[in-house]
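Topology and contacts: notes
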Amino acid sequence: MSGSPLLDDEGLPARPPALLIRGGHLYTADAGARVHPTGSVLVVGDRIAAVGPVEEVAQAVAALTPEQRAGLRTLDAGSMLVMPGFVNNHWHDMFAVRLPFKGALRTAQDRTDEPGFMALGGDIAKVSAGFEGFRRLVDALLPDEAQAVARYALWTQLRSGTTTLGDVGSVNRSDALADAALALGIRCAVSAWVADALCGTGSGAPERTRDADTELQRIQQLLDRSAADSTGRLRAWPTAPYLTNMSDELGRGLARLSADHGVPFATHVGALRHEAEAVRAHFGTTPIRRLDRLGLLNDRLMAVHCAFVDADERQMLLDAGVHISHSPAKYGPTGESTLTETGLIPELRRRGLDVSLSTDGGVFPVMGMAEEMRAAWQMYNELAGDHTALPASEALAMSTRIAARGLGWEDEVGSLEPGKQADLVLVPIDDWRYLLNPRPLEGYLTLGGTADVHTVLVAGRVLLENGRAPHLDEAALQDDYLRALRSFSARVLGVPDKELTALFDDNPRLRTKGTAPAAHRV
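The following refers to the structure shown. (Residues numbered from 1 in each chain as written. Predicted model: local features only at pLDDT ≥ 70, side-chain atom pairs only at ≥ 80, totals over all residues. Heavy atoms only, no water.)

As for unusual backbone geometry
One non-glycine residue with positive phi stands out, namely Ala33, at about 50 degrees. The residue Ala33 is located in the loop between strand E1 (18-27) and strand E2 (35-44) in this model. (Helix = DSSP H or I, 4+ residues; strand = E, 2+ residues; numbered from the N terminus.)

Describing helix H8 (residues 275-283)
All buried positions along H8 are accounted for by Glu275, Ala278, Val279, His282 and Phe283. The buried residues of H8 all sit within an arc of 100 degrees when viewed along its axis, so they share a single face. Looking at the buried residues of H8, the elements they touch are helix H3 (124-140), strand E12 (239-242), helix H7 (248-261) and helix H9 (287-293). (Buried < 20%, exposed > 50% of the residue type's maximum accessible area, 1.4 Å probe, protein only. Arc of directions from axis to C-beta. Contact = heavy atoms within 4.5 Å.)

Concerning the packing of helix H13 (residues 369-384) against helix H16 (residues 440-447)
A pair of packed helices is captured by two measures, namely the crossing angle of their axes and the spacing between those axes. It is at 8 Å that the axes of H13 and H16 come closest, and there the two elements cross at 100 degrees. Taken together, the axes of H13 and H16 lie roughly perpendicular to each other. Only Glu442, Tyr444, Leu445, Thr446 and Leu447 of H16 make contact with H13, whose side of the interface consists of Ala370, Met373, Arg374 and Trp377. Looking at the contact of H13 with H16 residue by residue, the class counts come to six nonpolar, one polar and two charged. (Axes fitted to C-alpha atoms, helices over the stretch in contact; angles between N-to-C directions. Parallel < 35°, antiparallel > 145°, perpendicular 65-115°, else oblique. Nonpolar A, V, L, I, M, F, W, Y, C, P; charged D, E, K, R; others polar.)

Considering the pattern of salt bridges
Tallied over the full model, the rule gives 35 salt bridges. Here the residues in one salt-bridge network are Arg135, Asp139, Glu215 and Arg218, joined through shared partners. (Salt bridge = Lys/Arg side-chain N within 4 Å of Asp/Glu carboxyl O.)

Observations concerning the pairing of strand E8 (residues 187-190)
Burial along E8 is two-sided: the face carrying Arg187 and Ala189 and the face carrying Cys188 and Val190 are both buried. One ladder, built from three bridges, connects strand E7 (residues 162-167) with E8; its direction is parallel. In the sheet register, Leu165 faces E8, and the bridge partner there is Cys188. Handedness of the β-α-β unit built from E7, helix H5 (residues 174-184) and E8 comes out right-handed. (Pairing = 2+ DSSP bridges. Right-handed = clockwise from strand over helix to strand, strands pointing away.)

Printed below as a string of structure tokens:
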């Protein structure tokens, strides 16, 4: 889109009366996994009006009102892969701690790295201490720092093709994340990093770190704000980062909020090999049984990374109909064996549970949904010794329609179907990677990825075109983020000025203020 875009009353790119995406290779990700090798999508307002072969959708175009036809915009998708917008239902904004936490202050040499606290089955005491530390950092962020970090973090999600985001607790202020989602135009189910307990080494009752009612009030405020939202793009839900940081009082309160508001609840559970032993030592039972005891084991539960449970707990998960979200592209870089050690998550999928893909979060941009699809497609089939165990189209469904079910958003988003919100991702498929391939999604998962995302629509608005957000000053987003990061790192994290100067002022790889790298395509 050239020049300054026409903005609507929300400050977002204005919707045309009607929009035709014509001639693309469409993967609908609907329940029937329908594919239209030469298909079109007609959007009227914020919703999909027609999907199918070019000729069929042309009939729907002909039936538009004169005003709609006069304002019709057509996107030529003849060389594009057209998919539903990606639904990343488990994500954390960690960008405020980019410097110290295995981040920008590392040396260039990687041969002397030590295993982190998630590796080798997990050091649960260190995990709990780290998550408590993150909670304290949320309170230390100034409002302007939080806004700058949130806008940049959510922009990276938009840039990677995510149109619907599930925040499962972030090192950021929840109001800043909500404001950023509305300003950028994407959908977001916001939460808060709530924690009121700390489990150290040994056994016995966990240390209480803050008042459970105060933590619950933070979630309640988000639920109240989302209920008053008129855009349809902002929701809220209760989440907890880890069972080791959640008292029974807090857990029961989160269960009440989930039930009273009819919204999902998410937590990391059964995620690490040593987790069950630690939870038993401090709470007297295993993780899944503890969730059951607190009223959280039901079909509203999104169990994140759930791979380490005993035989009875497996059946409890199945009986409850929980949703499993996992991030296979993330596990290797953090030394986790979630997918491969037990094989539980693929088994639960085979036995009928909803299993979705998500990216998790990190201090640097983590693998996008495209990379998560690739990892699942490769690893599930390798584990099964059967290349038909997880088709590429099912990996896409796990990143769209099924992922939306985990957020309770499936009636509105997650597939290309008439009546649903017009959230789409377009990827070019006109180069050597796709030559004569009748299944371009396989080509995309083999040799493509996040950097190839070309066009993104949310609610019928074009929020990304040719890899750029027309309504955002992307250079300013980065500049504001870097200023906030430097301020927070000095003021709260105590990073010495000498290190900040070397990183921000003397860094030859840091672009000049006010400029941005040129858009490019492979």
